[in-house]
Amino acid sequence: MARPQDTADKKSKWFIPSVHHSLTEEEVKKVSDDLNYHCSPEFITALAKYTSESLKSLDVLDNMSGYLPEVKYPRTPGRKPTQGENTGNAWAWLCDITGAPKGKLSGKKVAIKDNVAVAGVPMSNGSRVLEGYVPEYDATIVTRILDAGGHIVGKSSCDDFCCSAMGYSSVERYIHLPDTPDLRVGGSSGGSTVLVAAGEVDIAIAADQGGSIRIPSAWSGVVGLKPTYGLVPYTGIVSIEPTLDHVGPVARSVADCALFLEVLAGNNGIDPRQKTDIVVPEYSKLLETETKFKLGILKEGFDCCVDEVGNLAKAFLEGVASSKNLTCTDVSTPLHLIATPIFIPICMQGAQTNFQMGTTPQFWDGFHSTSLSKAVEQGAKCARRHLAPGMTQITMMGEIMTRRYGNHYYAKARNLTIDLRKQIDDVLETQCDVLIMPTLTMLPQQIVTKGNDEEADLLKYLNESIFMINNTLVYNLTGHPALTIPLGRIGDPSKPGLMIVGRKFDELKVLQVGRALEKLVHASL
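Residues numbered from 1 in each chain as written. Predicted model: local features only at pLDDT ≥ 70, side-chain atom pairs only at ≥ 80, totals over all residues. Heavy atoms only, no water.

Focus: the overall build of the protein
Okay, so step 1: Looking only at helices and strands, one finds 17 helices and 11 strands in the protein.
Okay, so step 2: The C-alpha atoms of the protein give 23 Å as radius of gyration, which agrees with the globular expectation for 525 residues (24 Å, within 12%).
Okay, so step 3: Taking the principal axes of its C-alpha atoms as reference, the protein extends roughly 80 × 55 × 50 Å.
Okay, so step 4: Taking all 525 residues of the protein together, the buried fraction comes to 57%.
Okay, so step 5: Within the protein, contacts between residues at least 6 apart in sequence are counted, and of these 79% link residues at least 24 apart.
Okay, so step 6: As displayed, the protein has an accessible area near 22100 Å², and 55% of this comes from carbon and sulfur atoms.
Okay, so step 7: Here the protein holds 52 positive side-chain charges and 59 negative ones, and the gap between their average locations is 3 Å. (Helix = DSSP H or I, 4+ residues; strand = E, 2+ residues; numbered from the N terminus. Rg over C-alpha atoms; globule rule 2.2 N^0.38 Å. Buried < 20%, exposed > 50% of the residue type's maximum accessible area, 1.4 Å probe, protein only. Contact = heavy atoms within 4.5 Å. Areas by Shrake-Rupley, 256 points an atom, 1.4 Å probe, with all protein chains shown as cover. Lys, Arg positive; Asp, Glu negative; His and termini not counted. Charge placed at Lys NZ, Arg CZ, Asp CG, Glu CD.)

Structure, rendered in structure tokens:
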């Protein structure tokens, strides 16, 4: 049963009291001039009177209850980890929330990325902007984890507003693997993947708008799945760009990833990203199969990579010939190579608009967190100057593009995404069962501390951030499921991740292929 949202709001500093004052004619005239309407004095006077009366009617909304997701399990606020407890700076917060006594996740420790709402537990989203914000509701996936018997032991660190592929813009400082503190772990879900790789948790939640599940999974040497767009509800999670938002599991094996997905997936009725007829198989029970699969080795996915990464992936794939159930064929989706220019206006302009709306997407029919929206608005006023380079870059580029070009390139990119999606669908339908390519274009680089040339450091950061995700961002645009598995041992950053992409809502096949390839990896070690 949902609790009245406004009742919860009034108990927090994020509540907006009824302060709908009358407008002055000067305010109305300024809006008229800013919009280039230049209304007549008579129109200004009339509109000021009418609008003042209309704003008074908003008092009615302040005195009505609004939907709020249910909080089913007791918990305490938890605490910040001590320095000695914080493996690789991967913990943002420690807590102890026990779910149902029995279920698919019984006995499993779970970390929740710190952009996911857990009622009563602080959520910073890796940023000073949300410092002090405590959501009063559980995200849908948090309730599902607890219903399945999962034990939530903390929130994992993430990059500032999750707007970085690097893993070092969190308020928790650089996120890193314990054994390789000088190497980047990637972002924005770096905390989740480090905790899984280090064995501090069994499974973790991560989110992905351009690769943020798969990037740190590949560089941490763990398994990460970006599900089909809308398979897992995003309700209660901070959005970057609502058409790119994905949330999914991170684990040490394909089997655990499949089991976790069973718990997370399915329609919740209040997330407009979702279809209404989602069917969720028991993925974990169907992993082992004698079905034969044809792997499509994607030319453009290898063309994007530095030689070292491409050669390591090709060397591994040569061993596929030893498997009686796997065959390889070369395939091509040429639009893959222009996915980055398509992604830029959608991500940049979409993220800027979304940030201005308090990260609760406008014009969407579903649950909106009024407390989050207000927290972002208030926090941005005093802490916007403290935003990390990734978030600053994205929102500034979005604003510049909107001012210079309006909606032209955003709309053009949307249209080209239709062509890109169709090209991928056609190849998967006629030539192969899944696409195969390296997850990232490069291996993890050393963390670069701030040098004497700030401009050169920043340009290097920005250029590498977009180059490294040339393969991952494609499938945020198109919504296809994409699984990354490590080609080395868990936690080994010296080997690349291998990405498996399948047909929409065919996670079962993606996971089955992932399991078959995982066995080949283990046999080669």
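So that's the structure; there's more coming.
Digging into a nonpolar patch on the surface
Okay, so step 1: Together, Leu58, Val60, Leu61 and Met64 give the surface a local cluster of nonpolar side chains, amounting to about 360 Å² of exposed area.
Okay, so step 2: As for its position among the elements, Leu58 is in the loop between α3 (41-56) and α4 (59-62).
Okay, so step 3: Taking the relative accessible area as the measure of exposure, Leu58 reaches 32% and is therefore partly exposed. (Patch = residues over 30% accessible without salt bridge, like charges linked within 9 Å, V, L, I, M, F, W, Y side chains within 5 Å. Salt bridge = Lys/Arg side-chain N within 4 Å of Asp/Glu carboxyl O.)

Some thoughts on the sheet that holds strand β11 (residues 497-501)
Okay, so step 1: Strand order in the open sheet formed by 11 strands is β1-β3-β2-β4-β6-β5-β10-β11-β9-β7-β8, and the pairing between neighbours is mixed. One side of each edge strand has no neighbouring strand; the edge strands of this open sheet are β1 (91-98) and β8 (326-331). Direction aside, neighbouring strands of the sheet carry axes that sit 25 degrees apart on average.
Okay, so step 2: Summarising the sheet, strand β2 (residues 109-113) and strand β4 (residues 203-208) pair through two bridges and their orientation is parallel. In the strand pairing of β4, Val110 is matched with Ile203.
Okay, so step 3: Running over the sheet, helix α17 (residues 507-524) touches β5 (223-226), β7 (293-298), β8, β9 (434-438), β10 (482-486) and β11 and is turned about 10 degrees from β10. (Pairing = 2+ DSSP bridges. Axes fitted to C-alpha atoms, helices over the stretch in contact; angles between N-to-C directions.)

Here's the deal with the side chain of Asp114
Okay, so step 1: Relative to the assigned elements, Asp114 resides in the loop between β2 and α5 (140-147).
Okay, so step 2: Sequence-distant contacts of Asp114, defined by excluding residues within four places in its chain, comprise Ala92, Pro122, Met123, Ser124, Asn125, Gly126, Lys155, Ser156 and Cys158.

With respect to empty space enclosed by the protein
Okay, so step 1: The full count for this structure, using the stated rule, is three cavities of 30 Å³ or more.
Okay, so step 2: Considering only enclosed or pocket space, the largest cavity measures out at about 220 Å³ in volume.
Okay, so step 3: In this model, the second largest cavity occupies a volume close to 60 Å³.
Okay, so step 4: If you go around the second largest cavity, the residues you meet are Asn125, Phe161, Cys163, Val238, Ser239, Ile240, Ala351, Asn354, Phe355, Thr359 and Met391.
Okay, so step 5: Per-element tally for the lining of the second largest cavity: the top contributor is helix α11 (residues 339-356), with three residues.
Okay, so step 6: Counted by class, the lining of the second largest cavity contains seven nonpolar, four polar and no charged residues. (1 Å grid on protein atoms, 1.4 Å probe; cavity = no way out; pocket = protein on both sides within 12 Å on 5 of 7 lines; lining within 4 Å. Points joined across faces, edges and corners; volume = space filled by probe spheres on them. Nonpolar A, V, L, I, M, F, W, Y, C, P; charged D, E, K, R; others polar.)

Considerations on helix α12 (residues 370-383)
Okay, so step 1: The first and last C-alpha atoms of α12 sit 20 Å apart over 14 residues, in line with the 20 Å expected at 1.5 Å per residue.
Okay, so step 2: For α12, the complete set of buried residues consists of Ser371, Leu372, Ser373, Lys374, Ala375, Val376, Gly379, Ala380 and Ala383. (Expected span 1.5 Å × (residues − 1).)

Some thoughts on the confidence of the model for the protein
Okay, so step 1: Per-residue confidence for the protein averages 91 on the pLDDT scale, and 93% of its residues sit at or above 70.
Okay, so step 2: Ignoring residues within four places in sequence, the model shows residues 1-8, a span with pLDDT below 50, making 30 contacts including any to other chains. (pLDDT = per-residue confidence, 0-100.)

Digging into the pattern of salt bridges
Side-chain pairs of opposite charge can arise where the charged atoms are in close proximity.
Okay, so step 1: One pass over the structure, following the stated rule, counts 28 salt bridges.
Okay, so step 2: Between Lys56 and Glu53 there is a salt bridge, with its nearest N and O atoms 3.3 Å apart. With Lys56 and Glu53 both in helix α3 and three residues apart, the pair spans about one turn of that helix.
Okay, so step 3: Salt-bridge contacts for Glu282 lead to Lys104; the nearest nitrogen and oxygen are separated by 3.9 Å. Separated by 178 residues along the polypeptide, Glu282 in the loop between α8 (254-264) and β7 and Lys104 in the loop between β1 and β2 bring together distant segments of the chain.

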